[in-house]
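Here are the chains, one letter per residue:
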Amino acid sequence: MNKRAQMHLMELLAVEGVAGHEAAVSDLLRKKLVEVGCKEDWIFSDDAHLRLGNGFEVGNLIVQMPGTLNLPRICFSAHMDTVPLCKGAVPIIQGDRVVSRGDTGLGGDDRAGCAAIVSAIEEVLKKSIPHPPITLLFTIAEENGLHGSGAVQFSDLGHPVMGFNLDGQDPSEIIIGAMSAARWEAKIKGKSSHAGLEPQKGISAGLIAAKALSAVEEKGFFGQIKKGQKCGTSNVGKMCGGEASNQVMDQMVVSGECRSHDPVFVEKIIDVYRTCFLDAAKRVTNDTGECGDVEFVTQSDYRAFRLSESEPCVQRAIKAVEAVGLNPVPMAIDAGLDANNFNEKGFPVVTLGTGTYRFHTTDEYILLNEYFQICKILLHVIQSGGVL
Ligand SMILES: [Zn+2]
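Scope of this entry: the structure provided in the associated data block. Bear in mind that the values here come from a model prediction, so they are computed numbers and not experimental data. (Residues numbered from 1 in each chain as written. Predicted model: local features only at pLDDT ≥ 70, side-chain atom pairs only at ≥ 80, totals over all residues. Heavy atoms only, no water.)

### What about the pattern of salt bridges?
Think of it this way: side chains of opposite charge can pair up when their charged atoms draw near. Taken as a whole, this structure holds 14 salt bridges when the rule is applied. Linking K126 and E122 is a salt bridge whose minimum nitrogen-to-oxygen distance equals 2.9 Å. In this pair, K126 and E122 both sit in helix α4 (residues 108–126), 4 residues apart, roughly one turn of the helix. Residue classification places E122 among the buried positions, given a relative accessible area of 5%. In this structure, the salt-bridge partner of E123 is K127, at a minimum N-O distance of 2.5 Å. Salt bridges here are not isolated pairs; linked through shared partners, they connect R4, E122 and K126. (Salt bridge = Lys/Arg side-chain N within 4 Å of Asp/Glu carboxyl O. Helix = DSSP H or I, 4+ residues; strand = E, 2+ residues; numbered from the N terminus. Buried < 20%, exposed > 50% of the residue type's maximum accessible area, 1.4 Å probe, protein only.)

### A short note on the nonpolar core
Side chains that are nonpolar tend, in soluble globular proteins, to be buried together. Counting 78 residues, the largest nonpolar core has F76, F164 and Y371 as its most contacted members. When residues of this core are assigned to their parent elements, the largest contribution, 10 residues, is made by helix α10 (residues 368–383). If we skip the residues at most four places from it in the chain, Y371 touches A5, Q6, L9, A112, A115, A116, S119, T354, G355 and I366. Of all hydrophobic cores here, the second largest spans 31 residues; its members include I188, A205, V254 and V294. (Core = buried A, V, L, I, M, F, W, Y, C linked by side-chain atoms within 4.5 Å. Contact = heavy atoms within 4.5 Å.)

### Comments concerning helix α2 (residues 23–35)
With 13 residues, α2 extends 18 Å between its outermost C-alpha atoms, agreeing within 8% with the 18 Å of an ideal straight helix rising 1.5 Å per residue. When α2 is considered as a whole, its buried residues turn out to be V25, S26, L28, L29, K32 and L33. End-on, the buried residues of α2 take up no more than an arc of 165°, which puts them together on one face. The exposed residues of α2 that point more than 90 degrees off its buried face are D27 and K31. Among the structural elements, α1 (2–13), β1 (43–45), β2 (61–65), α4 and β6 (134–139) are those in contact with the buried residues of α2. (Expected span 1.5 Å × (residues − 1). Arc of directions from axis to C-beta.)

So, in structure tokens, the structure goes:
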């Protein structure tokens, strides 16, 4: 199994597919799935890319395998896209790991997940291992906002009762929780005036931004936030405004994000930013008493979830990890995953590690031994259906 699993991994890593441009990855996966024994009519692409309308290339790739056992349907998922840093990656094996040859990311996030699913299904079909009905879901555009998993329709998945998402690091880690994240944008309106002749007639959008952000910081809501039991983060990512140094700045757009494991606390952080910007706009006036204005908009990226350890998918993952001799560690992470969207819709999904480390950096690598372990863990997940 390892030799084939390694081949699937190296071939999938070599294909380019940044978020929104997964056509080549989808084509290769489809070819591989047929090669390993999936029937053509089990495989289809959905129309998520058309519904999203972002100019994305292809939809999610879905496989609905019938079962040989009369058991509830389960689902395996992994995302097909990578971050832009992985463009042009050339995977090579160096000792016990796979790394990228040049100065790029590797894309083990999440091609290692895609490859592990193909390898486990190959084993099941080639060895005629009895199995429940299985859905495979390869999502698009995870890295730029969990788009594919957000747009997938559950009827297209054949209504699985639980899911196993492949998108982590150490295969002994079982991700049962992830955080909420939201973005905000403040469009500040000031008033322009000659900076030398009559600055007092102007209203500086830059000054409004400065007052707003220092107020956020004074309240303890900038960067790392800790308020009693509640914690989270906030960040200002972008500030663009003004036209010339001799003109009072009449407009500025400031944008940022915030995160927490508590969705209510995310709302609270956003609320502090909103209040501080609106207050600052009122406090910056010109000589006639006119003040600035702020339009503050927010957008939720994903919502936190936390599965109980007694949840059947968590139990099944724990048993499968133990079956390969590892010590399972259920944990929550400080990021978002496709599993956020699944769990938000009431579809319980745990996320398992693929042996990939240092995601989104040029030092990204895959430990082959751990990648082989996750392939075996998936086989145990498939075979444990009748036992639990
Ligand atoms: Zn990922």
